Amino acid sequence: MSDNFDREWRLEELLDAAVLDRIGPALDGLLAGDVAIVGIDGTALWGVATGEGLREPLVLELEPVGYLHSRQAAQASLKAIRCLLEQLLRTQARYKMASNLHLEAVAEDFESLRLEHAKLQESEARYKALSADLENRVKAQIVQLEERQQMLYEAERLATVGQLAAGVAHEVNNPLGFVRSNLSTFQNYLGKFAQLKATLGEGEAAWRRLDLDFVLEDGQDLLTDTLKGIDRIARIVAELKSFSNVDRASEEFSDLNDSLHHAANVIEGQLPSGVSIRLNLLPLPGLVCLPGHINQMLLNLMRNAAQAIADAGRSGEVRVSSEADEEGITIRIQDNGVGMKPEQLARAFEPFYTTRPVGSGAGLGLSTVRNIVLAHSGRITLESEPDAGTTVTLFFPVPK
Amino acid sequence: MPDSEAGKLSFKLVYYGPAQSGKTTNLLRLHEQLSPELKGEMMTLETQDDRTLFFDLLPFGFRAPSGLLIKFRLFTVPGQVAHDGTRKAVLSRSDGVVFVADSDRAQETNNAESFQTLAENCSRVGLDFEHLPLVVQFNKRDLPTAVPEAEIRARWESAPWPLVFASALRGDGVEESFEALLRSTYRHYAESHELASRHGLDEDMFVAGALGRQAAP
Ligand SMILES: Nc1nc2c(ncn2[C@@H]2O[C@H](COP(=O)(O)OP(=O)(O)OP(=O)(O)O)[C@@H](O)[C@H]2O)c(=O)[nH]1
Ligand SMILES: [Mg+2]
């Protein structure tokens, strides 16, 4: 049976056992036991219905919900009892309706609250998602900005280094040219001195006194040496020039071993004392790359390695190796220097991160190195142990 | 759906509207004015300063030629905003609604809000508001501050529901409103409950029986 407040009530619901227990004996007392309360379907709730005598309907709203029976009671008495009983039934019905309505209303209120709560939760979830989304977008934008800034910084730096090197090369080349030309002319002049000796005769004593034979001979040696030195300067300058060709932005097909040789040559003269460099290079396939950037990068890695050894305060060796398989080219730059602690290693690729005092960092940061590697579709890995050394491994895939 | 038991068909009709618009007064007037075959006592469940807290209930009815008892149970909802849960519970399972609006100019917003909750609550309690038999009554026409009839008519012109102007206080328009609802109700349920075909009850007889008038010949 439903518990709707507005349903119609049956007599046995309104006169339950507890109520009957209280009013039944009273009714019996009034009518000397000659009374029965009968439900609409004929079952007796109180007393025994005989079907004879008087019958009074019990009406709650419009139609009877049950009957009062009595065999011999006076009609007026029965009517009076009916009146009292109906009053009781109405009170009972009101009470039941009120309590059921109350329950329904509470359920409705609860349901409304639940719906409102669900709506609130939904909008809260939406806002959360929105704010998470915004946060992610802001983060992504920051990363992008940082990358752009870093790229700008690198590009500018590389361009500056390149311009500087090109300028140096140009400036050195000019004096080198005329110094060399002058020296060889002077060499010719010295030859003329030699011829002079034959024609001098009486001046021979003076010649000997001045020991000009030695001067001539030694002069030749000095000039030969000097020329060798000049040639070497010229070669270094030429290398610096080709090496620093970073503003040459177009990609070229080149041999990374050449770049390693170049870089090693450039750094050789700048190695701290007690630090040496050893190349162990196996033949490599050509790689399409930006040689200027690659050269800068290798030079910096070698310089870092040498510096790490110097920082450890001992002598040591920077070992550079290259090899290739069908996958690609692997280059290893290994030092036995100070090494890095795990927390330093973890931050090594952060832009602007350096373990050296600010201002003393001469080379490119590792983040720049990595960016150059990434730009060549390569990979870079760092292995390091404090006080044991660091190994930087570069890998460049070679298209098949 | 009207409640049908053996030999009885019971319609639940609800007077809905903003607080103090005159719903209870409508029922009191009907109780006085109607003289149907069967008329129960008006049950006012609980009030506080004359304001309905639970509901009022007026039962009455008549017998169709077939012997079927046609029963009407008229309820009022509590109009106060705070009692929305009770309002919804009372509105549940209703077969028709008289919306009692207050004609007082100052009550226009309350009327609109209440009408809005009627539509919402109908759908909350599973009633089809679009098809529910509904009559709109503008009560308290006697007030000097009442919005003019022409203005109200213009505003409700395109609405599909019968519009009745009343003064429950004086007793005007109360029966007319109820009659309008009876007609909508009859049209809505007559067929599904075979009122004419099986119980020999046409619309006018239905109205006459409910109001306790002699059916027009
Ligand atoms: N002037 C005027 N007053 C009315 C009219 N109908 C009802 N009232 C008065 O308005 C007040 C509220 O009437 P009710 O019938 O109790 O209003 P209700 O809609 O049942 O109010 P709630 O039960 O609070 O929702 C009473 O003081 C009534 O006398 C009318 O037609 N004109
Ligand atoms: Mg009321």
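A quick note: this is a predicted structure, and the numbers were derived from the prediction, not measured.

**Q** I'd like a rundown of the overall build of chain A, residues and numbers included.
**A** Broken down by element type, chain A carries nine helices and 11 strands. Per-residue burial over chain A gives 35% buried out of 400 residues. Accessible surface computed for chain A: about 23500 Å², of which carbon and sulfur atoms make up 56%.

**Q** Outline the packing of helix α2 (residues 84-91) of chain B against helix α3 (residues 108-124) of chain B, listing residues and values.
**A** Residues and elements named next belong to chain B. For the pair α2 and α3, the least separation of the axes is 10 Å and the interaxial angle reads 60 degrees. In terms of orientation, α2 and α3 fall into the oblique class. Crossing hand, α2 versus α3: right-handed. Along its contact with α2, which presents D84, K88 and L91, the element α3 presents L118, N121, C122 and R124. Grouping the constituent residues of the contact of α2 with α3 by class yields three nonpolar, one polar and three charged.

**Q** So what about the site of ligand 1? Which residues, and what values?
**A** Residue and element names in this part refer to chain B. The environment of ligand 1 is made up of 19 residues, and the closest members are K23, T24, T25, T52 and G79. Note that a nitrogen atom of ligand 1 is positioned 2.8 Å from one of the side-chain N or O atoms of D142. At 3.0 Å, a backbone N or O of A168 approaches an oxygen atom of ligand 1. Protein burial of ligand 1: of its 650 Å² of free accessible surface, 85% is covered by the chains. Those elements that provide at least two residues to the shell around ligand 1 are α1 (23-33) and β6 (51-52). Taken together, the residues of the shell around ligand 1 sort by class into five nonpolar, nine polar and five charged.

**Q** Any chance you could break down the coordination of the magnesium ion (ligand 2) for me, citing the residues and the numbers?
**A** Those donors, T24 of chain B (OG1) and T52 of chain B (OG1), are the protein atoms that reach the magnesium ion (ligand 2), and they lie 2.0 Å from it. Remark: T52 of chain B occurs in strand β6 and T24 of chain B occurs in helix α1; sequence separation between them is 28 residues.

**Q** Go over helix α6 (residues 203-211) of chain B, please, and point to the residues and values.
**A** Residue and element names in this part refer to chain B. For α6, a buried count of seven out of nine residues is recorded, marking the element as mostly surrounded by other parts of the structure. Looking only at α6, the buried set comprises E203, F206, V207, A208, G209, A210 and L211. Close packing links the buried residues of α6 with β2 (8-16), β7 (56-63), β8 (69-76) and α5 (174-189). In this structure D202 caps α6, since a side-chain oxygen of it lies 3.3 Å from the backbone nitrogen of D204. Phi for G212, located one or two positions after α6, is positive at around 80 degrees.

**Q** Provide a residue-level description of the interface of chain A and chain B, including the pertinent values.
**A** Tallying the contact residues gives 20 residues for chain A and 30 residues for chain B. Here chain A and chain B share an interface that buries about 2200 Å² over both sides, 56% of which is from carbon and sulfur atoms. Scanning the region where chain A abuts chain B turns up 13 salt bridges. Close ionic contact of K12 of chain B with D6 of chain A constitutes a salt bridge, the shortest N to O distance being 2.3 Å. Here the side of chain A that touches chain B is built from residues that sort into seven nonpolar, two polar and 11 charged.

**Q** Describe in detail the packing of aromatic side chains, supporting the description with residues and values.
**A** In total, this model carries 22 aromatic pairs over all chains according to the counting rule given. Over the ring of Y67 of chain A we find R55 of chain A; its NZ or CZ atom is 3.8 Å from the centre of that ring. Between the NZ or CZ atom of K12 of chain B and the centre of the ring of F75 of chain B, over which it lies, the distance is 4.9 Å.

**Q** So what's going on with the sheet that holds strand β6 (residues 275-281) of chain A? Residues and values would help.
**A** All names here are of chain A. Spatial strand order, β6-β8-β9-β11-β10: five strands in an open sheet with mixed pairing. Here the strands that pair on one side only, and so sit at the sheet edges, are β6 and β10 (379-385). Averaged over all adjacent pairs, the angle separating strand axes in this sheet is 10 degrees, with direction ignored. As paired elements, strand β8 (residues 316-324) and strand β9 (residues 328-335) share six bridges and run antiparallel to each other. Note that in β9 the partner of S321 across the bridge is R332. Contacts from helix α7 (residues 291-311) reach β6, β8, β9 and β11 (389-397), with the element oriented near 25 degrees to β9.

**Q** Explain the pattern of salt bridges residue by residue, including any values.
**A** All names here are of chain B. Scanning the entire structure with this criterion turns up 45 salt bridges over all chains. Put simply, R155 and E108 hold a salt bridge, and the shortest N to O gap is 3.1 Å. One end of the pair, R155, is in helix α4 (residues 149-156); the other, E108, is in helix α3, with 47 residues separating them in the sequence. By relative accessible area, E108 is classed as partly exposed at 25%. Of the charged contacts, one joins E203 and R187 as a salt bridge, the two residues approaching to 2.8 Å between their closest N and O atoms. Here E203 is found in helix α6, whereas its partner R187 is found in helix α5, with 16 residues between them in sequence.

**Q** Describe a nonpolar patch on the surface, listing the residues and the values that go with them.
**A** Residues Y127, L130 and L134 of chain A make up a contiguous nonpolar surface patch of roughly 340 Å² in combined accessible area. Taking the relative accessible area as the measure of exposure, L134 of chain A reaches 43% and is therefore partly exposed.

**Q** I'd like a rundown of the environment of P65 of chain B, residues and numbers included.
**A** Residue and element names in this part refer to chain B. By secondary structure assignment, the location of P65 is in the loop between β7 and β8. The exposed category is assigned to P65, whose relative accessible area is 56%. Between the alpha carbons of P65 and L201 there is a distance of 7.0 Å; along the sequence they are 136 residues apart.

**Q** Go over the packing of α1 of chain B against α5 of chain B with me, naming the residues and quoting the values.
**A** All names here are of chain B. Direction vectors running N to C along α1 and α5 enclose 90 degrees, while the axes themselves pass 9 Å from each other. Classified by the interaxial angle, the pair formed by α1 and α5 is roughly perpendicular. Here N26, R29, L30 and Q33 of α1 lie close against α5, whose contacting residues are V174, E175 and F178. A class-by-class count of the residues in the contact of α1 with α5 yields three nonpolar, two polar and two charged.

**Q** Kindly report on α7 of chain A, identifying the contributing residues and their values.
**A** Residue and element names in this part refer to chain A. Taking 1.5 Å of rise per residue, the 21 residues of α7 would be expected to cover 30 Å, and the 30 Å separating its terminal C-alpha atoms lies within 8% of that figure. For α7, a buried count of 15 out of 21 residues is recorded, marking the element as mostly surrounded by other parts of the structure. One or two residues past the end of α7 sits G313, with phi positive at roughly 70 degrees.

**Q** Explain the nonpolar core residue by residue, including any values.
**A** Residues I37 of chain A together with F55, L91 and L118 of chain B are the most contacted members of the largest nonpolar core, which totals 54 residues. Among the elements that take part in this core, helix α3 (residues 75-200) of chain A stands out by supplying eight residues, more than any other. With residues up to four places along the chain from it excluded, the contact list for I37 of chain A reads L11, L15, L20, L27, T43, A44, L45, W46, L58, Y67, L68 and L85 of chain A. Counting residues in each nonpolar core, the second largest holds 38 residues, with I267, M302, I309 and I333 of chain A among its members.

Conventions we followed
- Residues numbered from 1 in each chain as written.
- Chains lettered and ligands numbered in written order.
- Predicted model: local features only at pLDDT ≥ 70, side-chain atom pairs only at ≥ 80, totals over all residues.
- Heavy atoms only, no water.
- Helix = DSSP H or I, 4+ residues; strand = E, 2+ residues; numbered from the N terminus.
- Buried < 20%, exposed > 50% of the residue type's maximum accessible area, 1.4 Å probe, protein only.
- Areas by Shrake-Rupley, 256 points an atom, 1.4 Å probe, with all protein chains shown as cover.
- Axes fitted to C-alpha atoms, helices over the stretch in contact; angles between N-to-C directions.
- Parallel < 35°, antiparallel > 145°, perpendicular 65-115°, else oblique.
- Left-handed = near helix turned anticlockwise from the far one by under 90°.
- Contact = heavy atoms within 4.5 Å.
- Nonpolar A, V, L, I, M, F, W, Y, C, P; charged D, E, K, R; others polar.
- Near = heavy atom within 4 Å.
- Polar contact = N/O pair within 3.5 Å; in protein donor to acceptor, adjacent residues only side chain to side chain.
- Donors = N, O, S within 2.8 Å, 3.2 Å for Na, K, Ca; no water.
- Buried area = accessible area lost by both parts, 1.4 Å probe.
- Salt bridge = Lys/Arg side-chain N within 4 Å of Asp/Glu carboxyl O.
- Phe/Tyr/Trp six-rings, centres within 6.5 Å; stacked < 30°, edge-to-face > 60°.
- Lys NZ or Arg CZ within 6 Å of the ring centre and 35° of its normal.
- Pairing = 2+ DSSP bridges.
- Patch = residues over 30% accessible without salt bridge, like charges linked within 9 Å, V, L, I, M, F, W, Y side chains within 5 Å.
- Expected span 1.5 Å × (residues − 1).
- Core = buried A, V, L, I, M, F, W, Y, C linked by side-chain atoms within 4.5 Å.

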